[in-house]
Amino acid sequence: MAASLLFLRSRNSLILPFSLMPNFIAFNPTISRLIFSTASASPPKRVGTHNGTFHCDEALGCFMIGLTSKFHGAQIIRTRNLQVLDTLDAVLDVGGVYDPRTERFDHHQKGFDEILGNGFTTELSSAGLVYKHYGIEIIAKAIQLDEGHPDVHCLFSAVYRNFVEAVDAIDNGINQYETNQPPRYVNNTTLSSRISRLNLNWYEADQSPEKEDQAFQHAMNLAGSEFMDCIHFHAKSWLPARSVVMECLATRKNIDSSGEIMLLTMSCPWKLHIFELEVEMKIDPVLKYVIYQDERNNKWRVQAVAVSPDKFESRKALPSHWRGLTDDHLSQVAGISGCVFVHSSGFIGGNKTYEGALAMARASLLA
């Protein structure tokens, strides 16, 4: 459904134009309530979260729960009034209860230690709790596949790892790295930081519930837009690339009997997939080199696989006596025709032909 624009008049007669895709939006100042209305004949569900200062987790959680069949077109009610919260169909990030049977998704209570599982150990925020129970449905709808399809479950883990988990960790104050040293630089560019900056500034004269709800709506839109971008990226780019790398890994011994050299048959992002697929496919010994064609000049590259996704160090760099050399000098030293270059760190090299790149990889294995 296309985005719509609705003009509604609040109690103080102010005209408020707001759009929300795919629902309409208005504000009620009585209990800081954000209303989503649809053309449905049945009354909409009501989802509660706290008013006051907002964070990324409940903004994202409210957006996600509105994507479900059960809560599509729901009213978002922002309040800390427990008597009001008790009457609602779902409650996020407030109320002190986690109980999916009653759609209660708070994580602030003593003793809370819920995690996603499946290898993930980060404590969940309200966003992670909603994702845990509704993520499969949300992704299945977004990519128009059945909830039982293996691609849906693959994307469920990928989107959590690459998007939702950071929201959970930041909200729960979990450091990204185990260190007692201060950070070398400030990073205020995360989604959580940008959501935080959407709160009302202390110096603004208008601190009304209506203004606060408007800011929360902006936060929901920002979090939701980036969440959907993440799903679409992983469905359209990440997942197809994963399939290419999986096929190349499965046939790697056709390239070299060692099983440590892989030919990438199609240009695509491959580095992150290597580490996950090696575990899933029980690759032993692990990959050392990837050969692929440079589409810019039709020459060939041989690249050493890194020790881990976040490290520059290679599992087995190209030979030290090749590094920094180029063209005929490199070919003479390596004893391989057609050499173009080897990087000074040894992580990558080039050759004019596939056969030359393969020879460079094989010689590097034996070095």
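Residues numbered from 1 in each chain as written. Predicted model: local features only at pLDDT ≥ 70, side-chain atom pairs only at ≥ 80, totals over all residues. Heavy atoms only, no water.

**Some thoughts on the overall build of the chain**
When its secondary structure is counted, the chain shows nine helices and 16 strands. For the chain, the proportion of its 367 residues judged to be buried stands at 47%. The long-range fraction of contacts in the chain, counting pairs at least 24 apart against all pairs at least 6 apart in sequence, stands at 58%. Entry remark: accessible area of the chain is about 19200 Å², with carbon and sulfur atoms responsible for 52%. (Helix = DSSP H or I, 4+ residues; strand = E, 2+ residues; numbered from the N terminus. Buried < 20%, exposed > 50% of the residue type's maximum accessible area, 1.4 Å probe, protein only. Contact = heavy atoms within 4.5 Å. Areas by Shrake-Rupley, 256 points an atom, 1.4 Å probe, with all protein chains shown as cover.)

**A short note on the packing of helix α1 (residues 56–65) against helix α4 (residues 150–171)**
One can describe the packing of α1 onto α4 by two numbers: an axis separation of 9 Å at closest approach and a directional angle of 140°. Classed by the angle they form, the pair α1 and α4 counts as oblique. Between α1, through C56, D57 and L60, and α4, the contact on the second element is made entirely by F163, V167 and D171. (Axes fitted to C-alpha atoms, helices over the stretch in contact; angles between N-to-C directions. Parallel < 35°, antiparallel > 145°, perpendicular 65-115°, else oblique.)

**Observations concerning the pairing of strand β5 (residues 46–49)**
Pairing of β5 with strand β6 (residues 75–78), which is carried by four bridges, proceeds in the parallel orientation. Bridge pairing in β6 links R46 to Q75. Where the polypeptide runs from β5 across α1 and back to β6, its parallel neighbour, the crossover connection is right-handed. Two strands pair when backbone bridges link them, and β5 and strand β7 (residues 90–92) are joined in this way by three bridges, in the parallel orientation. Residue G48 lies in a different strand from β7, and its bridge partner there is V91. (Pairing = 2+ DSSP bridges. Right-handed = clockwise from strand over helix to strand, strands pointing away.)

**Comments concerning the packing of aromatic side chains**
By the definition in use, this model includes eleven aromatic pairs. Centre to centre, the rings of W202 and Y203 are 5.7 Å apart; their planes meet at 85°, and the pair counts as edge-to-face. The same class applies to W202 and to Y203, which are both exposed. Chaining the aromatic ring pairs together yields one cluster made of F120, Y131, F156, Y160, F163 and F227. The ring centre of F216 lies 4.5 Å from the NZ or CZ of R78, which sits over that ring. (Phe/Tyr/Trp six-rings, centres within 6.5 Å; stacked < 30°, edge-to-face > 60°. Lys NZ or Arg CZ within 6 Å of the ring centre and 35° of its normal.)

**Re the sheet that holds strand β13 (residues 289–293)**
A sheet is described by the order of its strands in space; here five strands give the open sequence β12-β13-β14-β16-β15, paired in mixed fashion. Two strands lie at the open edges of the sheet, namely β12 (261–263) and β15 (339–342), each paired on one side alone. Each strand axis lies, on average, 20° off the axis of its neighbour in the sheet, ignoring direction.

**Regarding the side chain of H50**
Tracing the chain through its elements places H50 in the loop between β5 and α1. Residue classification places H50 among the buried positions, given a relative accessible area of 3%. A distance of 3.3 Å separates polar atoms of two side chains, one belonging to H50 and the other to R80. A polar contact is formed between the side chain of H50 and the side chain of D93, at a distance of 3.1 Å. (Polar contact = N/O pair within 3.5 Å; in protein donor to acceptor, adjacent residues only side chain to side chain.)

**Looking at the side chain of H273**
Counting through the fold element by element, H273 comes out in helix α7 (residues 271–280). Owing to a relative accessible area of 3%, H273 belongs among the buried residues under this scheme. Sequence-distant contacts of H273, defined by excluding residues within four places in its chain, comprise W238, A241, R242 and V245.

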